[in-house]
Amino acid sequence: MTPYIQEKMMPYLQPLIWFLLLVLGAIVFWKLWNFMGAKYLPGLLGVHKPGWVDNPYWFLAISIPISLGACVMCYFFVGRFESAPLYFLFPILSGLVIICLFSPYIPNPTVLLVQAGLALLLGISIWSLGKAESLSLLGCLSLRGLAGLFGIAFIIGSGYRYIQERRDWSTRAGQYSSPVRRIEARFATMNSNMYTFHRLAEDRYGQPVNFEGYLLGIEKANRYLIGVPPEAGDTQGWEKEILPDGKRYLADRKRTFLSHIVKYGPVIDTTKPIPSSFVFNLYGKDDDKSDSAYAEGFKSLDGLKTELEVASKSHSHILVICMGWNTDQQESIRNFNSLYGYLMEAAKSDPAFKPLVIGITWPSEWAGFQPLSYPVKADDADETGLVWVSYLLKKVLFPVQAAADSVSPSSAPKLVLIGHSFGTRVLTRALASIKYESKAQGSDSEKVNLFIGLQGAFSARRFVDTPWYRKGLEGAPYRELRKLRTRFVFTWSSHDKANPVAGYVTGASHIGGEFGYVLAEKNGEIFENLDSGFVDKLASLRGGDESSLTALKNKAMEKILLADASNIIKDHPYGKGGYAHSDIYKPEIGRFMWNLIRAYALP
């Protein structure tokens, strides 16, 4: 190595080596901790409470000394080489390593990257000031010291936040007179962003619906507040069934949980509002059992199965509907009403069509700068489908179908899933996370008859079994879905500007946009396109024209149908982003869905 190259590389190579050694040391410590620490250290520290490892104080005890040590190493090995950005970045990276490896509540990697990026920008700014000729040597050293202190403050601040979050929520909750406020305090779901996903839990009459059925409210909270252990799969046998596919999503320090189920109906008097009642409501339990909230959600779904076995006898179909990104509970209910209304308007010529609706609301919004929430909410959509909707399908709806089929095969309700945007991501992930009979096996019960995805927000590559270097970040978890006894139909539109933008950011060929269509054209053995003229015809039919329905029925079942709805989904709805991405609440979409049901989901 020439002196010139050595002089240019050493300021960067040496701190990199120290950082790699730090990571290696952290991994070794992690392994030793798993092997010996969890067994012997509690006694040495005098800690005997079960689950003591959840306490953040030991996290601080480890991270702060290492961060301080990193700063000292930076001073001796980096500072002297005039590399202030690395001097600043070193403690930040060490803190991120500690958080990722040792904290049982791992923050979302995207959030960590954003925080590290902002911190790096600040460090570079300080370095630029430090290089200014007008500053003395003492001024330069002071600014670099400030950068290092900021790194330490970042680590300490993160630990302090964990401590604040882990305060005694029951004590804090005691200051509120309202039972709902007290439970909100225990779950830390009190702020305006989180409150919007359990409004029904406080006032089930405040958000009326136009259909008979159920609304499931799914929320998100720190796992220790709702009773989820540090390691995924330790509480519920169901989580073990969906691993390892779900390990990435289940390791987050925040987890989704089912907080309430509201029942609407049966309709007794058509001149009066549909009556509502709680099947399950965590916010109605003013007790100290909030740490079992996660497990209670599964028990409530088991209870829902008994109700549905009775309710399904008077209904021809069960519709499961889920909406997308940045759609709170109130807006979701409005969208459920719209889709249901337009569907029933198209189906009024068939009095035998009596669907029971199950609407799913999930924590699809994030406080702050909304575009940054996209990857976080994408993961939340996957987790919601992976855990809750898959359980709803396999443990609740499929047994309901089987029970009805055992009495009379023709009386088993047809199951139709309808999703929009990230809602399609929720529902497809649920189907991909469970194992049930393929097209060639089993009876006609225990299956999803029809899946309708409106402007889906996930990569079409999820269906394509390509080499690892072409799978993209989302992988190919849906490669086996087309083998199921389910007809999949997804709409796409050239006027959808949300999916292409997301595609440029994430590199995904979203199935609701042109990128997905281009990918589908290259994989004709998996996808089949329904051209815009054919889709227009389906969207204009109320009845008759059996040739179009016959053409639909004759489509190969092993193909994923991609419907070009560019002539229908083309306008910009008021107050919504992505131009035509949400232009689905209209009579044409109702007729399109009805004709799909006529072709694939009628007795």
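Calculation notes
Residues numbered from 1 in each chain as written. Predicted model: local features only at pLDDT ≥ 70, side-chain atom pairs only at ≥ 80, totals over all residues. Heavy atoms only, no water. Helix = DSSP H or I, 4+ residues; strand = E, 2+ residues; numbered from the N terminus. Buried < 20%, exposed > 50% of the residue type's maximum accessible area, 1.4 Å probe, protein only. Contact = heavy atoms within 4.5 Å. Axes fitted to C-alpha atoms, helices over the stretch in contact; angles between N-to-C directions. Parallel < 35°, antiparallel > 145°, perpendicular 65-115°, else oblique. Left-handed = near helix turned anticlockwise from the far one by under 90°. Nonpolar A, V, L, I, M, F, W, Y, C, P; charged D, E, K, R; others polar. Pairing = 2+ DSSP bridges. Salt bridge = Lys/Arg side-chain N within 4 Å of Asp/Glu carboxyl O. Phe/Tyr/Trp six-rings, centres within 6.5 Å; stacked < 30°, edge-to-face > 60°. Lys NZ or Arg CZ within 6 Å of the ring centre and 35° of its normal. pLDDT = per-residue confidence, 0-100.

Draft legend 1. Representation of the overall build of the protein within the structure. In terms of helices and strands, the protein carries 21 helices and 10 strands. Across the 603 residues that make up the protein, the buried fraction comes to 52%. Sequence separation of at least 24 residues holds for 78% of the intrachain contacts in the protein that already meet a minimum separation of 6.

Draft legend 2. Inspection of the packing of helix α19 (residues 532-540) against helix α20 (residues 546-553) at higher detail. For the pair α19 and α20, the least separation of the axes is 10 Å and the interaxial angle reads 120°. Classified by the angle their axes make, α19 and α20 are oblique. Note that α19 runs across α20; the crossing there is left-handed. Contacts from Phe-534, Lys-537 and Leu-538 in α19 reach Ser-548, Ala-551 and Leu-552 in α20. Looking at the contact of α19 with α20, its residues break down into four nonpolar, one polar and one charged.

Draft legend 3. View of the sheet that holds strand β7 (residues 450-454). Sheet architecture is open: 10 strands sit in the order β3-β2-β1-β5-β4-β6-β7-β8-β10-β9, paired in mixed fashion. Since the sheet does not close on itself, it has two edges, and those belong to β3 (276-281) and β9 (527-530), each with one partner. Within the sheet, the average angular offset between the axes of one strand and its neighbour, ignoring direction, is 20°. Contacts between helix α21 (residues 587-600) and the sheet are confined to β4 (317-322), β6 (414-420), β7, β8 (487-492) and β10 (560-564), with β7 contributing the most and set at about 160° to the helix.

Draft legend 4. Looking closely at the pairing of β6. Counted residue by residue, β6 has seven buried out of seven residues, so it is predominantly covered. Of the two faces of β6, both are covered, the one formed by Lys-414, Val-416, Ile-418 and His-420 as well as the one formed by Leu-415, Leu-417 and Gly-419. Sheet analysis places β6 next to β7, joined by five bridges and oriented parallel. Across the sheet, residue Gly-419 finds its bridge partner in β7, namely Gly-453.

Draft legend 5. Just the pattern of salt bridges, in detail. Considering all chains together, one arrives at 13 salt bridges under this definition. The partner of Lys-220 in a salt bridge is Asp-380, and the shortest N-O contact between them spans 2.8 Å. Separated by 160 residues along the polypeptide, Lys-220 in strand β1 (residues 213-222) and Asp-380 in helix α15 (residues 374-407) bring together distant segments of the chain. No difference in accessibility class separates Lys-220 from Asp-380, as the two residues are buried. Here Asp-382 and Arg-425 are joined by a salt bridge, their closest N and O atoms 3.1 Å apart.

Draft legend 6. The packing of aromatic side chains, seen in detail. As enumerated under the stated definition, the model contains 23 aromatic pairs in all. When the centroid spacing of 5.9 Å and the interplanar angle of 90° are considered together, the rings of Phe-463 and Phe-527 count as edge-to-face. Residue Phe-463 is located in the loop between β7 and β8, and its partner Phe-527 is located in strand β9; the two are separated by 64 residues in the primary sequence. When sorted by exposure, Phe-463 lands in the same class as Phe-527, which is buried. A cation over a ring is seen here: Lys-555 above Phe-534, with NZ or CZ 5.8 Å from the ring centre.

Draft legend 7. Seen up close, helix α16 (residues 422-432). The element α16 is extensively covered by neighbouring structure, given that 11 of its 11 residues are classed as buried. Regarding α16, the residues found buried are Phe-422, Gly-423, Thr-424, Arg-425, Val-426, Leu-427, Thr-428, Arg-429, Ala-430, Leu-431 and Ala-432. Lining the buried residues of α16 we find α12 (247-250), β4, α15, β6, β7 and β8.

Draft legend 8. Here's a closer look at the pairing of β8. Burial of β8 is extensive: six of the six residues sit out of reach of the surface. Here β8 shows no split at all, with Arg-487, Val-489 and Thr-491 on one side and Phe-488, Phe-490 and Trp-492 on the other all buried. Bridge analysis of β7 against β8 gives four bridges, and the strand direction is parallel. When the sheet's bridge partners are listed, Gly-453 is paired in β8 with Phe-490. As defined by bridge partners, β8 adjoins β10 across four bridges and the pair is classed as parallel. Paired with Phe-490 across the strands is Leu-562, a residue of β10.

Draft legend 9. Main features of the environment of Leu-538. With respect to the helices and strands, Leu-538 occurs in helix α19. What makes Leu-538 buried here is its relative accessible area of 0%. Considered as a pair, Leu-538 and Ser-548 are 10 residues apart in the sequence and their alpha carbons are 7.2 Å apart. Every residue in contact with Leu-538, bar those within four places of it in the chain, is listed here: Ser-548, Leu-552, Arg-591, Phe-592 and Asn-595.

Draft legend 10. A look at the confidence of the model for the protein. On average, the protein scores 75 in pLDDT, and the residues at 70 or more come to 61%. Per-element mean pLDDT across the protein ranges from 49 in helix α3 (residues 84-102) up to 98 in β4. Note on residues 33-60: pLDDT is under 50 here. Beyond four places in sequence and across chains, it has 35 contacts. Predicted confidence for residues 78-85 stays below pLDDT 50, and this span has 19 contacts to residues more than four positions away or in other chains.

Draft legend 11. Local environment of unusual backbone geometry. Here Gly-265 and Pro-266 are connected by a cis peptide whose omega angle stands at 0°. Take Pro-266: it is sitting in the loop between β2 (254-264) and β3. With a phi close to 55°, Ser-421 is a non-glycine residue in the positive phi region. Mapped onto the elements, Ser-421 comes out in the loop between β6 and α16. Positioned with a positive phi, Gln-455 is a non-glycine residue whose angle comes to about 55°. Position of Gln-455 among the secondary structure elements: in the loop between β7 and β8. Here Gln-455 falls in the buried class, since its relative accessible area comes to 0%.

Draft legend 12. The arrangement of the environment of Arg-253 in detail. With respect to the element layout, Arg-253 can be found in the loop between α12 and β2. C-alpha separation for the pair Arg-253 and Val-228, spaced 25 residues apart in sequence, amounts to 9.4 Å.

Draft legend 13. Representation of helix α7 (residues 179-187) within the structure. Of all nine residues that make up α7, seven are buried, and the element is covered over most of its length. Ala-188 sits one or two residues past α7 and shows a positive phi near 60°.

Draft legend 14. Representation of the packing of helix α14 (residues 329-346) against α21 within the structure. Where α14 contacts α21, the axes come no closer than 8 Å and their chain directions differ by 65°. Classified by chirality, the crossing of α21 by α14 is right-handed. For the pair formed by α14 and α21, the contact residues are Leu-339, Tyr-342, Leu-343, Glu-345 and Ala-346 on the first element and Pro-587, Ile-589, Gly-590, Arg-591, Met-593, Trp-594 and Ile-597 on the second. The residue makeup of the contact of α14 with α21, split by class, is nine nonpolar, one polar and two charged.

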